[in-house]
Amino acid sequence: LTLRSPRRYRSPPLRTFAPTVLALALLAGCGDPVSENRSPLDRIYFPTGLTVAPRPGGGGDVLYVVNSNFDLGYVPEEGGSVLVIDPEASIEPAGGGLAPAAVVGGIRIPSYGGEIAIAHPGLPGCEGLTASTAIVPVRYTNETYLLDVEPDGALRCNGNCRVPAQAREEDPFGVTVACRTSATGTRHSAFVTHLKATPVTGAPAGEGFITEIDLDTHRAAAPFNLGVAPTSQVAFDPTRGLVFASPATGTPGYAPIRWWRPAGVNPGGVVEYSLADVNAFVPSSIVRGMALSSDRTRLYVTADVYDAVLAATTGSVRFTGGVLLVFDITVSVVGDAALRASRAVAIGIGLGPIAVVPRPGKRDLLVFPDISGNEVHLYDDEAGALVTSFGRNPVTGRPLIREPFALAPQALAGGAWRVWIASFRDATITAIDIDDPNVPGAARIGKRIGNSE
Amino acid sequence: MIRLAILLLAVAATACSDSAPDVGARFGNPSAVTVFQGVTERRPEVSPYLAVANAGSDQLSIIDPRDDRPVQSPGLVFPLSVPTDGNPMFVAAASLADGGADALVVAGPPGVPDPTTGAQEVTLQLVATWDGKLRRISSHAVGSGGEIILAIAGVPVPQDVPVEGGIYPPVAGAARFLVALSGGRIAVVRATRQPADGAVALTNESSLALGGASPFDVVSLALSPDGRHVYGASYDIVTGSDGVPTQGVAEIDALGDDPAAWTVRGLSARAPTYGVAAARVIERTLTASDDFNRAHVESPRLLVYALPDREACGPTRAVDCGVLTIDPVTGDLAEDPLGELPFRAPMRIPVLPISIATWDRAPAVPTDADQIGVPADESGPVVLVPGIRYTPGTGFRATSAIGIVVGADGRIYSLDLGRWGPGSDQSLLRPPSQTRVANIVDVTDPSGDAQIGMWNEADPPTPENPEPLATLETTPAEMIPQMLVTPGYTPDETWILAWQYPLTGLEGRRSVLVRDDALGLVLAMQIPEATDAGTVWREAVGLYSPMLGVHVGDVVALELDAVPGLPDTCVAAGEGRVAEILPPDPARWPGGALVLSPPVNPPNVAGETPREDVYACWNGQLASGVHLGTATVGSGEWVLLGASFGHAGRPQPNVPFSLDYPGGDAEEQLAEACAVPTWPPPEPVPACDATCRDACEQLAIARKTRRFYYPQEDCQATPSPNEGVVGCAITGRPPQFAESVLIGPVLEFRFGLNPASVTAEHPLLRTAHVRITTASGLSPSFRAPTAGGQATGSVGFDRSPFTNAEPRIVFYVSYTDNALYEAALGAFATESKTIR
């Protein structure tokens with residue numbers, strides 16, 4: 001989402017928040033000009049990353065929220081943050097309304113943070129981890145933060161928490177944990193995508209890079225090149241040992257989903273990858289979100305479709321529709337994984353990332369935002385149909401979640417699920433409660449967490 | 001002030017004009033479209049309108065199809081908007097068969113619960129269409145919050161007794177909405193006319209439980225032209241009222257007042273389905289007097305068209321992907337009109353199909369130019385009856401029924417149902433686009449004299465000349481005419497006819513060479529990966545699968561990775577021959593493996609022989625266990641490979657070779673004889689001896705040689721647009737051949753070698769080959785709006801009462817691009833238009 005903002009130091013949406021920024025500037029003038037203008041550690045502020053993970057010391061799940069400081073309202077170097085919120089302790093006031101965020105802890109990071117992933121021993125293949133780690137790519141400083149997770153869920157930088165870019169890769173954004181065992185032993189890794197690459201003479205424009213970071217040593221391997229089209233989101237399939245990467249939005253006309261076996265990456269960073277161009281299935285599409293099904297037999301992709309004629313004649317990209325694509329991950333007789341389009345469902349414009357809610361014996365439920373439409377859709381992959389959309393207050397007509405973006409599913413007791421959705425514009429986090437995933441039509445808007453006043 | 005003045009001027013201009021101003025439709029992410037008869041302030045009489053559901057703006061837009069303009073709101077400068085509940089995803093209309101306004105309903109997802117009661121119902125919202133004031137007037141609950149609407153169809157209430165042609169007239173003053181809900185239930189809502197004011201009222205009837213103890217969902221509904229049956233596509237196993245399970249389409253017999261008692265029958269599509277339509281079709285016949293335009297002399301028949309689940313169709317499955325044709329009389333796929341395939345070839349669509357719609361009624365105001373011929377009786381003369389104009393790029397024609405398939409690429413692919421498939425925008429029969437061998441490139445022996453040629457068959461033997469001599473043609477221009485292709489079978493493909501060539505997918509793959517004490521040297525194409533549970537084999541190639549075409553005697557070229565202690569000779573490029581093909585062993589070689597024997601190649605024309613010392617090193621000095629390397633499996637003899645087709649057989653020099661569908665029931669017999677027809681195989685892996693493997697390989701090839709298209713043109717000595725060419729010009733066929741639809745091979749030839757001294761004992765250089773490019777000539781006809789966007793809904797409409805010119809029969813397709821596209825299949829593509 002922050003791609004829409006110009007790089008650093010300049011931000012048109014500032015006008016929208018001019019009064020706030022002005023007030024902050026005035027406040028900053030009353031004290032230390034730097035320290036007073038650092039990001040607060042009790043507020044949600046243009047969130048771009050969201051995940052749920054258990055407290056290492058027990059006591060339930062906590063929410064991790066990456067605040068991007070999208071408008072650079074705070075000093076860029078310390079304007080972002082990762083907040084840790086106890087959702088259960090965030091109590092709605094009597095009579096309803098926004099529940100003030102019960103902040104367990106927070107840590108400042110530079111601006112333009114991206115997604116967040118938590119590596120903990122409960123993940124497949126990660127059983128050997130002795131501690132939990134939060135992995136947060138940060139675009140402003142071109143580095144990835146590896147933060148220790150305290151027993152209560154709070155985050156701490158142990159002095160070796162910043163992993164800088166290795167070469168030409170820029171703008172780290174997407175992240176996934178990929179713990180696995182290889183011929184050289186068990187590897188606790190994270191893969192990080194890059195929305196940009198430094199152009200060099202002789203190389204094609206818009207190269208795509210992926211960085212693998214060793215979670216035990218906090219060291220990044222040399223990034224490997226996936227050809228044309230930068231990378232945006234990444235997912236790991238521990239069953240087949242495959243990593244999937246979605247293309248970033250900057251490559252109209254070409255939107256390759258790429259996948260490879262990390263065990264096949266040689267020390268020189270050369271990787272043999274396969275690809276499927278989403279444009280071959282839905283022409284003139286730009287990928288917005290990607291997720292693996294819970295059984296890893298399907299890949300879900302959201303994409304926006306643009307007016308190709310207009311783009312070809314004027315160069316301007318006007319989006320005309322959105323689509324959810326369902327790919328079957330098939331394995332050919334020669335052992336190669338391949339994507340085969342199974343369904344395409346036309347849904348709105350401005351789609352975003354996807355949260356997957358598994359159901360025993362049935363295909364998944366998908367939750368994904370329509371960012372520009374201020375809606376959140378719930379799709380039943382078993383029925384192959386849109387179940388419901390959460391958009392506006394039925395009484396007032398006011399959007400319930402303005403510019404929904406980051407999502408995080410949370411398993412609850414008794415088979416229930418809750419999907420948390422961060423509103424980029426409203427600085428709130430809203431729960432969609434799915435009490436019985438087999439009755440998706442009964443899903444409802446639940447608790448809403450926001451900034452305490 | 002200036003704005004006000006402009007507005008007043010605009011209003012004044014409107015008042016001086018006979019026609020309404022075009023205010024723009026102002027769609028908001030259209031999600032569905034239907035046609036209904038109703039009354040608006042624009043026209044006091046009952047007239048047809050289009051209702052477009054807008055999921056993005058929570059409203060219905062109303063379009064007048066007479067001029068494709070939106071019906072205006074009382075405010076004049078805005079289009080009429082009918083507000084609905086949030087996110088309307090479905091809109092459906094049903095005629096009450098009394099000349100009055102239709103029942104019109106709209107529905108969406110359940111939405112958020114009522115804030116006071118917590119109730120969350122699935123509802124139909126009834127729209128008033130009868131009093132000139134289009135508006136939503138009520139919500140009618142049809143399901144609980146736990147259910148999802150999957151499809152809605154408005155259907156008539158059939159009378160108990162049919163009239164001529166098996167048509168069930170509708171009961172006047174009533175209609176039904178069938179609402180397919182998740183959980184295997186169809187809610188039935190009856191719409192009835194209120195005598196007092198002509199209004200429509202909705203009442204719930206009993207529900208139809210689909211499948212009984214084995215419930216199944218239907219995700220698409222289509223009304224039969226007989227007025228009695230409704231068809232439902234299902235991803236699930238369709239269990240009929242008789243308890244018989246079927247993969248395909250549910251046929252619901254909607255005769256009777258109690259929907260709970262309606263019977264359901266499964267129609268086999270041999271695959272799950274997700275889209276369905278039905279049409280009453282008069283199909284063409286194939287006779288010598290076949291008339292290009294008026295060739296429909298079969299009796300009308302009801303056919304059901306279905307879109308198969310992509311997981312269950314394709315060249316390795318029982319059915320190809322495309323639009324399947326089902327005959328409700330037999331309950332199975334319709335017959336192949338040529339009697340060759342076990343069932344009719346699916347109508348191939350080049351992209352993922354999203355939905356299908358059909359139209360089978362001639363225009364209400366027909367034209368003589370669009371007549372088709374039908375028999376007056378079973379043996380009587382052909383008489384002409386009104387038909388539907390259909391215009392692909394190859395020219396207009398008349399037909400009895402048309403259809404559209406909306407693709408994931410936003411294109412609307414057109415179907416001529418009377419001719420069993422899509423029209424083609426270029427000719428498969430006439431130059432320059434005809435089915436043909438487009439090119440041959442000879443890379444046999446660039447530095448030498450050896451060549452691969454095609455035999456130019458001599459004149460047929462006669463008593464005077466019992467052994468006529470044939471000529472070996474060796475230049476591309478001379479070789480091409482010696483090959484035979486067939487329209488509808490020969491694909492767009494690049495073929496390799498080669499000597500000892502890497503098999504498709506088996507070149508340069510990471511592999512393991514196992515030194516087994518009992519078996520000797522065993523090669524498996526797989527990659528080891530250590531896990532907590534031990535070694536897991538990744539990317540295991542199914543060498544055991546006959547689909548890959550590995551034969552005993554094939555060449556295995558291998559280069560082992562250098563590791564300390566391994567003799568240098570063992571890590572050089574070496575090879576062996578396939579001595580045995582081992583079945584999968586999950587622990588050792590999950591895709592199967594190849595037992596290797598020593599290389600046996602004789603010297604080739606360059607005098608080269610393979611290094612036997614490398615094989616000897618493997619066999620004599622390798623330790624027991626697994627050794628990593630990179631391997632290629634190539635044919636040990638001549639082979640024909642297609643870039644997409646894969647292994648196509650093993651032609652032999654000087655012997656006629658035909659890549660041909662076996663016909664009859666041969667495919668089914670091969671399927672019965674093959675224990676591993678698909679990959680991965682069932683567990684445990686069935687035993688498959690040499691006979692079984694041969695059947696499997698033949699089956700794999702046969703499934704890829706099925707007909708994929710029935711040409712729709714005529715070849716009767718019609719002059720070609722190309723100067724100097726008359727009639728058709730298919731490679732290998734005589735000019736002006738009369739049969740436009742014929743059975744034949746994908747590719748047929750007899751190749752030879754020059755000089756004749758190139759023999760099995762003194763072969764060509766390895767990988768010597770000719771590259772043959774074939775062109776199908778098929779370009780499925782489509783319509784598409786100029787802008788992008790995803791198609792969401794579609795409906796057919798007859799414009800002939802309002803116009804004297806084409807287009808008459810059109811399909812309206814809604815796009816999320818805030819547009820409604822009018823696809824005119826009877827006019828050239830440029831005459832279709834977009835409504836915004």
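Residues numbered from 1 in each chain as written. Chains lettered and ligands numbered in written order. Predicted model: local features only at pLDDT ≥ 70, side-chain atom pairs only at ≥ 80, totals over all residues. Heavy atoms only, no water.

(A) Fine view of the overall build of chain B. Within chain B, the secondary structure is distributed over five helices and 54 strands. Across the 836 residues of chain B, 57% fall into the buried class. At a minimum sequence separation of 6, the contacts of chain B that also span at least 24 residues come to 65%. Summing over all exposed atoms, chain B offers an accessible surface of approximately 31,900 Å²; the carbon and sulfur share of this is 53%. (Helix = DSSP H or I, 4+ residues; strand = E, 2+ residues; numbered from the N terminus. Buried < 20%, exposed > 50% of the residue type's maximum accessible area, 1.4 Å probe, protein only. Contact = heavy atoms within 4.5 Å. Areas by Shrake-Rupley, 256 points an atom, 1.4 Å probe, with all protein chains shown as cover.)

(B) How the structure looks around the pattern of salt bridges. Residue and element names in this part refer to chain B. With the rule as written, the count across this model stands at 58 salt bridges over all chains. Put simply, arginine 136 and aspartate 85 hold a salt bridge, and the shortest N to O gap is 2.5 Å. Here aspartate 85 lies in the loop between β5 (81-83) and β6 (90-94) and arginine 136 lies in strand β9 (residues 135-143), a separation of 51 residues in the sequence. Judged by relative accessible area, which is 34%, arginine 136 ranks as partly exposed. (Salt bridge = Lys/Arg side-chain N within 4 Å of Asp/Glu carboxyl O.)

(C) Spotlight on the nonpolar core. Counting residues in hydrophobic clusters, the biggest one holds 87 residues, and the most contacted among them are A:Phe244, A:Leu299 and B:Ile186. With near-sequence residues (within four places) excluded, B:Ile186 lies in contact with B:Leu178, B:Val179, B:Ala180, B:Ser207, B:Leu208, B:Leu210, B:Val218, B:Leu221 and B:Ile252. Counting 45 residues, the second-largest nonpolar core is a separate cluster that includes A:Val333, B:Leu506, B:Cys617 and B:Cys674. (Core = buried A, V, L, I, M, F, W, Y, C linked by side-chain atoms within 4.5 Å.)

(D) Here's a closer look at the sheet that holds strand β5 (residues 103-109) of chain A. Residue and element names in this part refer to chain A. Taken in spatial order, the four strands of this open sheet run β1-β2-β3-β5, and their pairing is antiparallel. Unpaired on one side and paired on the other, β1 (47-54) and β5 mark the two borders of the sheet. For this sheet, the mean inter-axis angle between neighbouring strands, taken without regard to orientation, is 15°. Of the pairings in the sheet, the one linking strand β2 (residues 61-67) to strand β3 (residues 80-85) comprises five bridges and is antiparallel in character. Within β3, the residue paired with valine 66 across the bridge is valine 82. (Pairing = 2+ DSSP bridges. Axes fitted to C-alpha atoms, helices over the stretch in contact; angles between N-to-C directions.)

(E) Just the confidence of the model for chain A, in detail. All names here are of chain A. Across chain A, the average pLDDT comes to 85, with 88% of residues at or above 70. Considering each helix and strand of chain A separately, the mean pLDDT is smallest for helix α1 (residues 18-28), with a value of 38, and largest for strand β7 (residues 133-138), with 98. Here residues 1-34 scores under 50 on pLDDT; set against residues more than four positions off or in separate chains, the count is 44 contacts. (pLDDT = per-residue confidence, 0-100.)

(F) Structural view of the packing of aromatic side chains. Residues and elements named next belong to chain B. Per the stated rule, a full pass over the model turns up 24 aromatic pairs over all chains. Ring geometry for tryptophan 495 and phenylalanine 645: centres 5.2 Å apart, planes at 50°, overall tilted. Here phenylalanine 645 lies in the loop between β44 (638-642) and β45 (646-649) and tryptophan 495 lies in strand β35 (residues 493-499), a separation of 150 residues in the sequence. Per residue, the accessibility class of tryptophan 495 equals that of phenylalanine 645, and both read buried. (Phe/Tyr/Trp six-rings, centres within 6.5 Å; stacked < 30°, edge-to-face > 60°.)

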